[in-house]
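The residues making up each chain are set out below.
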Amino acid sequence: MTTAPVHLTPEQIEDPVGAYAAFREQPELPLVVLPGLETPARLVTRYADVKAALTEPRLVRDRSSLAATRAGSDPQDELLAAAFDAFPAEYVKYLSGHLALFDGEEHARRRAPLTRAFTARRIAALREFVERTSAELLTELADRDRTADLLAEFAYPLSTHVVCELVGVETRDRDRVCGWIRDFAYGDGSGMVDGLVGIVDYVKELIARRRARPTEDLISALVHGTREGEEPLDEDELVSIVFLLINTGITPPALFLAHGLLALFDHPDQLARLRAEPELLERAVPELLRYVTLVRIGATLYATEDFEFAGTALRTGDPVTVALLAADHDPREYGDAPERLDIAREFGRGDGHLAYGHGAHYCLGAALGRLVTSVVLDQVLIHRPHAELGVRRDELEFGHWPGDGFHLLRLPVRL
């Protein structure tokens, strides 16, 4: 690599136009350093190139599988260190066994039972639970004589309860398990280790219960769903799957719900149209997913050999990452003004966006995410036509994580 890397800021990462527009026009992939990191990587920004990268067999996620790797750190190492350094070593294996970090046969082996367990029937059966839980949370918040924080007091608890219901956390255990999840996934940080330990110990107990007496929950489906000729998931792998659901099924969906609601508050014409034409909800959900694209930057990929990709000569071990937000705002794919929110936008076949990724690592919870988003938009905005932002737009508070842009810290709303 001969070009000097561009050090991106959080503001640039989350700007769907900005630097991405210039990057898309470059003949080679830009060399960038993500916010808070030190190691440069090639950044893919064009929609077609991002889709190609996510299905390119010569770009893998498991760096250790390469025949030869460069000495020193890399973007994925830096992100993992930032995420795991605070935890006891014996528990890190449950966090590092993330499906996003495996490739090929190993990825397929771990994912197949989970894919089979995420049936359309199981997801559809959750609708009543999501509607009831969402309504109860909103009613309680609306009864208070103050603005409600729809991130901390609604989106996070709702996502947590949905994951507990999906996994099969029993009613008598739900309060304490949800408390551990809160401390681990989105608390103030003081209880992260205790939350991790509590969840691991509980999930091991739950696995033992479901081995003896299966029910209709996800854990039972995973424990008893091994097919002939398949290697069953061991206990550590099952615990890792629960942490996959916690890590990907709580904070990202909760933040997306908050940012999606904010996007509509920021576009009063679109909000008014949705309230006047609630039948547009089916189109509004994928459009908000595209517009927000909460995971702005995807996982780090590594070249398995020397080859040319997107006009760029890659060498073995070179890190590459995809800008999902940039792809979802590419004028080549979405025409003029792709940065415009249009809840009536019509997409072609498939999702019409890359917010859930693409290829073998496509998000397992996509259908559940669409269901929850639809319920929330309906209950917060359509059935509560006077719901509005509870503070001035410039009073909202944001924070950011390494390698990422800014995310809401709270969303005050008058219900």
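The preceding data block contains the structure.
What counts and how
Residues numbered from 1 in each chain as written. Predicted model: local features only at pLDDT ≥ 70, side-chain atom pairs only at ≥ 80, totals over all residues. Heavy atoms only, no water. Helix = DSSP H or I, 4+ residues; strand = E, 2+ residues; numbered from the N terminus. Expected span 1.5 Å × (residues − 1). Buried < 20%, exposed > 50% of the residue type's maximum accessible area, 1.4 Å probe, protein only. Polar contact = N/O pair within 3.5 Å; in protein donor to acceptor, adjacent residues only side chain to side chain. Pairing = 2+ DSSP bridges. Contact = heavy atoms within 4.5 Å.

A. Quick look at helix α13 (residues 235-249). Along its 15 residues, α13 runs 20 Å from first to last C-alpha, staying within 8% of the 21 Å computed at 1.5 Å per residue. Within the sequence span of α13, burial applies to Glu237, Leu238, Val239, Ser240, Ile241, Val242, Phe243, Leu244, Leu245 and Ile246. Here α13 starts with a cap whose side-chain oxygen sits 3.2 Å from the backbone nitrogen of Asp236, and that cap is Asp234.

B. Summary view of unusual backbone geometry. The phi dihedral of Ala310 falls on the positive side, at around 50°, and the residue is not glycine. Mapped onto the fold, Ala310 is located in the loop between β7 (307-309) and β8 (312-314). For Ala337, which is not glycine, the phi torsion reads 55° and is therefore positive. Mapping Ala337 onto the fold places it in the loop between α18 (331-334) and α19 (366-382).

C. The arrangement of the sheet that holds strand β1 (residues 6-7) in detail. Judged by pairing direction, the sheet is mixed, and its six strands sit side by side in the order β1-β2-β3-β9-β6-β4 without closing on themselves. Two strands close off the open sheet at either side, each with one partner strand: β1 and β4 (59-60). Here strand β3 (residues 41-44) runs beside strand β9 (residues 319-322); their pairing, made up of three bridges, is parallel. The partner of Val44 across the bridge, within β9, is Val322.

D. Representation of the environment of Arg290. Position of Arg290 relative to the elements: it lies in helix α16 (residues 281-292). Look at Arg290 and you get buried, because its relative accessible area is 0%. Along the sequence, Arg290 and Ala258 sit 32 residues apart, while their C-alpha atoms lie 15 Å from each other. Ignoring anything within four residues of it in the chain, the contact list for Arg290 reads Asp328, His329, Tyr334, Pro338, Arg340, Arg345, Phe347 and His353. In this structure the side chain of Arg290 is engaged in a polar contact, spanning 3.3 Å, whose partner is the backbone oxygen of Arg340.

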